[in-house]
Amino acid sequence: MKLVLAVIQDADATALVRVLSQNAFEVTKLASTGGFLREGNTTLMIGVNDERLEELKRHVQRTCRTRTRLVAPSVPMGEQNEGLVNDPVEVPVGGAVMFVMGVQEFVKV
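Residues numbered from 1 in each chain as written. Predicted model: local features only at pLDDT ≥ 70, side-chain atom pairs only at ≥ 80, totals over all residues. Heavy atoms only, no water.

S.K.: What is the right way to read unusual backbone geometry from this model?
M.R.: Excluding glycine, residues mostly carry a negative phi; peptide bonds, for their part, are mostly trans. We note that alanine 24 has phi near 65°; this positive angle belongs to a residue other than glycine. Within the secondary structure layout, alanine 24 lies in the loop between helix H1 (10-22) and strand S2 (26-33). In this structure alanine 24 comes out as exposed when scored by relative accessible area, which is 60%. (Helix = DSSP H or I, 4+ residues; strand = E, 2+ residues; numbered from the N terminus. Buried < 20%, exposed > 50% of the residue type's maximum accessible area, 1.4 Å probe, protein only.)

Here it is as C-alpha cells:
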C-alpha cells in the first residue's frame, strides 16, 4: 500500500478529483500554498494499492498540464540597480509533483 501526495494547480484539481473518483480511487483534497509563486494550489492525499500505482500516475499525467505564466522578477531591496531589467519573465507552472510513500498500516473506521 502506498500514500501518494500529489501537489497540483488549483486549475486541475476539479478535473483530477473527478477522474480519480470515476476510477475508484479515494482522494482527500487539501488546500496548500506553493513556495515559488506563493499561490494557492491543491494537495491530494491518495491511498493506492501497489498494483494500481502506475494507473494512478497515468491519470495524473493525463489530467494535470503545464502552463506558462509571466512573473515579475523580484529583486530584494538594497540590491536594485538602475540598469537592471525588470521585465516579466515567462516561467513554466503546473503539471504535478507526486510523493509516493510506503504505508505500514491503513485503518478506516
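S.K.: Hey, could you run me through the confidence of the model for the protein in this one?
M.R.: In low-pLDDT segments, the atomic positions of the prediction should not be examined closely. The share of residues in the protein with pLDDT of 70 or more is 76%, and the mean pLDDT across the chain is 84. Across the protein, element-level confidence peaks in helix H2 (residues 53-63) with a mean pLDDT of 97 and bottoms out in strand S5 (residues 89-94) with 68. (pLDDT = per-residue confidence, 0-100.)

S.K.: I keep staring at the packing of aromatic side chains and nothing clicks. Help me out?
M.R.: When we look at a pair of aromatic rings, we describe it by the centre distance and by the angle of the planes. Scanning the model with the defined rule gives zero aromatic pairs in all. Over the ring of phenylalanine 25 we find arginine 52, and its NZ or CZ is 3.9 Å from the ring centre. (Phe/Tyr/Trp six-rings, centres within 6.5 Å; stacked < 30°, edge-to-face > 60°. Lys NZ or Arg CZ within 6 Å of the ring centre and 35° of its normal.)

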